[in-house]
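Here is how the chains run, residue by residue.
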Amino acid sequence: MTTEQYAIPGLKNVLYIDLTSQSYHIEERPDLYEKYLGGIGIATNLMLEEYKEGTGPLDPEMPIIFSTGPLSGVYPTCTKTVALFRSPLNGELGESYAGGHLAMSMRYSGYETIVIKGSSRYPVYVTVHDDKVTFRDASSIWNLSSAIDVGQVLRRVEPGAGRRSIVRIGPAGEKGIAYASVNVDTYRHFGRLGLGTVFGAKKLKAILVAGNREIKSPDHNAYKKMYGKLYETIVKTGLMEKYHNLGTSENILVLNELKGLPTRNLQATSIESVENISGENFAEKYLIRRVSCAGCPIGCVHVAMLKRSFSKAHEYETLNISYDFELIYALGSNLGVTDPEAVLELIDACEKTGVDIISMGVVLAWATEMQQRGKISTEEALGLKLSWGDKAAYLRAIELVVKAPNEFYAALGKGVDYASKKYGGEEFAIQLGGLEIPGYHTGLGNILGLTVGFRHSHLDNAGYSADQKAFNQPISDEKIVDYIIDEEDRRSVLNCMVACLFARNVYTYENMVQALKCIGIEKTEEELKELGKDIFRKKYELKKKFGFRFENFSIPKRFFETISTTGKLEEERVRKAIEMYREKRGV
Amino acid sequence: MAKRLKVANPARCIGCYSCMMACARTWYDTISLKNSRINIQTRGGIETPYAAIVCHACVDPPCMRACPVGALTKRKGGGVNFNKEICKGCGNCIEACIVGAIHLDAENKAVICKHCGVCTKFCPHDVLEMIEVEDSGELKVTDTSPVEDTGPESPTASHKELYGKKEAEGEE
Ligand code: SF4
Ligand code: SF4
Ligand code: SF4
Ligand code: SF4
């Protein structure tokens, strides 16, 4: 049937929301969408337009930019939304991606991009119902002890079930923990770099986006065919089987075997009894269901059930907790925790309070080593004695970090870089560029990738996978540098779409060109590649404005002391590789 | 031989919306969830199971009886055939269908399942199936052969062709 006349064209609007005046307006920016398509391309340009020299991460004028892309809500597994902000954790480029329902809801609301500025005097939440925007008092849900409960309340009071996305913060964001996360639809997050902190500073408790409009489809038959092709590739070729089956936690055993799994604050790269926290064990004993982001047939979100007894009279509570590789590393191996139930409980505590789990894990690991070395007293830790594998102590520590009752815990809430500058132990504060590291210690590719990456994330360029290649078959350092450069550019393009990076091998340049063509957007492979380079330059421009300088970059000693997948790393080798990268990139 | 759609294994739903996208793009010339005749919903957020809301293929459809203009007529195999031209968008059928399987599109025409089976081809998790029924829509008793093994190791188990070859190899 035809309802085409009622459908929106899409890829036109930017919605500006001002929290100070509780007002909003829409700007038409076909120029931006034409050139940059969507996602990170649009967000980077808008940030350059918005950013005024000297504005701090938590200043009201500092914007938060959400953007989806031309393929969002249109093709399978294009499920992500990018958030761009200035990170309160390291002052640098804040960039984070979340799945869930958000991309589809934004796309169908007709606002592919949303810019949020200003700050409210009292807690608010913002709703976007198709084209209508409202501001509502959120005082009654401020101070709720769990980010999950916030979702439950909003689901009750707001319409749009099944078509909406609820994006919210927990106590950590309200209290200004520098690595507070934003929870999206319970199991997904804008995790890294402290977007939750920025929400908190703006007194923005939540955003609800409900979109249920139709999008025009200029060549519907071509679109249907292309959808079918991509769908088949995703579910039938094995390209993504890994994410469906055990999920990313499959990597726990793999990396452990390869000596690449950071353990006990990266004092080691493999851990005894690893089978207990393997993806296999979680799947067999705890996995109860999988869920998907809206529009993705994979179902990579693994949900475990933890049955916990709370009295001798056989009384139980059950918790449903999603887990993946990074979480098991951060709260498992890196804290010496090999009891899977303890890992789940720690994840749950972080979820409720709303912090980035990787950062929290690294902060606690560093604090444990500090205490063991006698550099932090039990008094400073308010009676707490952290030791590897001690779940109860870590649960308490998470609570204390968020409540920040004294200077020490307040410092922990500012991240491991800050805390180690204050208390010492910088050599074993496992961060790069002020961001606590993800769960890889695979060698040169990894360290280089995290150093040069836009946001010091493994997702910028997958340096660890260059190491995997080098492990299988030795390759020159220059090849590793080249791999990282290619991967960065490719990912920049994918992040304009905004495809889930798990589907990166489905959305090849060729497939992207075709997918775009079928919805009336003409781009050649060369144009897309040029777009990747353009975005690189723009993002480095932004990074510079935010104060990033290679000259100030230092790499903690720990990375050179602990053996990695590809052997012990030499500082000199890393330095040379960074030089090579800078030369090739011209930065 | 008549067929109808059945939500065979609701508990296996992962909430991917592939079925909705498929239905909407097959029967409309736009891209949406809005025009899907099947509706995936959560009752209490993603923490709780998904429900697939779609026409149950009533043997004696109340929606048909509620339609004042006769736009809905009995379908072979249960449910209704819909005549879009004469539907006047009154919404009486919506009221009559307590399943909640009907809504109106942008042109105020009823959106109601045709039991075409397209969505089942896009469900990656064995939730949706087309089943054979009597012309009247009554369920057929077809299970007269020995009970099949449906455990994860059996050849008829879920995903036998999906998510790549790896799983299939593992079974050998
Ligand atoms: S639409 Fe509702 S009332 Fe009509 S046949 Fe289907 S389930 Fe029955
Ligand atoms: S909305 Fe259309 S199909 Fe439904 S009862 Fe009214 S006229 Fe009949
Ligand atoms: S059977 Fe056909 S009409 Fe019914 S929900 Fe599935 S795709 Fe839509
Ligand atoms: S396609 Fe299947 S698994 Fe996906 S939402 Fe529909 S019923 Fe659920």
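What counts and how
Residues numbered from 1 in each chain as written. Chains lettered and ligands numbered in written order. Predicted model: local features only at pLDDT ≥ 70, side-chain atom pairs only at ≥ 80, totals over all residues. Heavy atoms only, no water. Near = heavy atom within 4 Å. Nonpolar A, V, L, I, M, F, W, Y, C, P; charged D, E, K, R; others polar. Contact = heavy atoms within 4.5 Å. Buried area = accessible area lost by both parts, 1.4 Å probe. Salt bridge = Lys/Arg side-chain N within 4 Å of Asp/Glu carboxyl O. Polar contact = N/O pair within 3.5 Å; in protein donor to acceptor, adjacent residues only side chain to side chain. Helix = DSSP H or I, 4+ residues; strand = E, 2+ residues; numbered from the N terminus. Pairing = 2+ DSSP bridges. Phe/Tyr/Trp six-rings, centres within 6.5 Å; stacked < 30°, edge-to-face > 60°. Domains from an automatic or database assignment.

**Q** Can you tell me about the site of ligand 1, naming the residues and giving the values?
**A** In the vicinity of ligand 1, the contacting residues are Cys55, His56, Cys58, Pro61, Pro62, Cys63, Gly79, Cys97, Ile102 and Ile112 of chain B. Of the residues in the shell around ligand 1, the class split is 8 nonpolar, 2 polar and no charged.

**Q** Any chance you could break down the interface of chain A and chain B for me, citing the residues and the numbers?
**A** Counting from both sides, the interface comprises 53 residues of chain A and, opposite them, 48 residues of chain B. When the buried area of chain A at its contact with chain B is split by residue, Met1, Arg163 and Glu241 of chain A rank highest and sum to 17% of it. Linking chain A with chain B are 0 salt bridges, by the criterion used here. Our count for the contact surface shared by chain A and chain B stands at 18 residue pairs in polar contact (both at pLDDT 80 or more). Put simply, the parts of the chain that give the side of chain A that touches chain B at least two residues each are helix H3 (102-109), helix H4 (147-157), strand E13 (215-216), helix H7 (220-236), helix H8 (241-244) and strand E14 (287-291) of chain A. Among the elements that make up the side of chain A that touches chain B, the one with the highest residue count is H7 of chain A (8 residues). Pairing analysis gives 2 bridges linking E13 of chain A to strand E2 (residues 30-31) of chain B, with the strands arranged antiparallel. When the bridges of E2 of chain B are listed, Lys216 of chain A appears paired with Thr30 of chain B.

**Q** Give me the packing of aromatic side chains: which residues, what numbers.
**A** All names here are of chain A. Taken as a whole and assessed by the stated rule, the structure comprises 22 aromatic pairs over all chains. With a centroid separation of 6.4 Å and an interplanar angle of 15 degrees, the aromatic rings of Tyr227 and Tyr231 are classed as stacked. Remark: Tyr231 and Tyr227 occur in helix H7; sequence separation between them is 4 residues, near one turn of the helix. On the basis of an interplanar angle of 10 degrees and a centroid distance of 4.0 Å, the ring pair of Tyr243 and Phe502 is categorised as stacked.

**Q** Give me the domain arrangement of chain A: which residues, what numbers.
**A** One frequent convention defines the size of an interface as the accessible area lost when the parts assemble. All names here are of chain A. By the assigned domains, chain A splits into domain 1 (3-210) and domain 2 (247-372 + 383-399). The gap between the C-alpha centroids of domain 1 and domain 2 is 28 Å. Taken together, the 28 residues of domain 1 in the interface contact 21 residues of domain 2. Carbon and sulfur atoms supply 58% of the area buried between domain 1 and domain 2, which totals about 1800 Å² over both sides. Counting the surface domain 1 buries against domain 2, the share from its top three residues, Tyr179, Tyr187 and Arg192, is 38%. Counting the contacts that link domain 1 with domain 2 gives 1 salt bridge.

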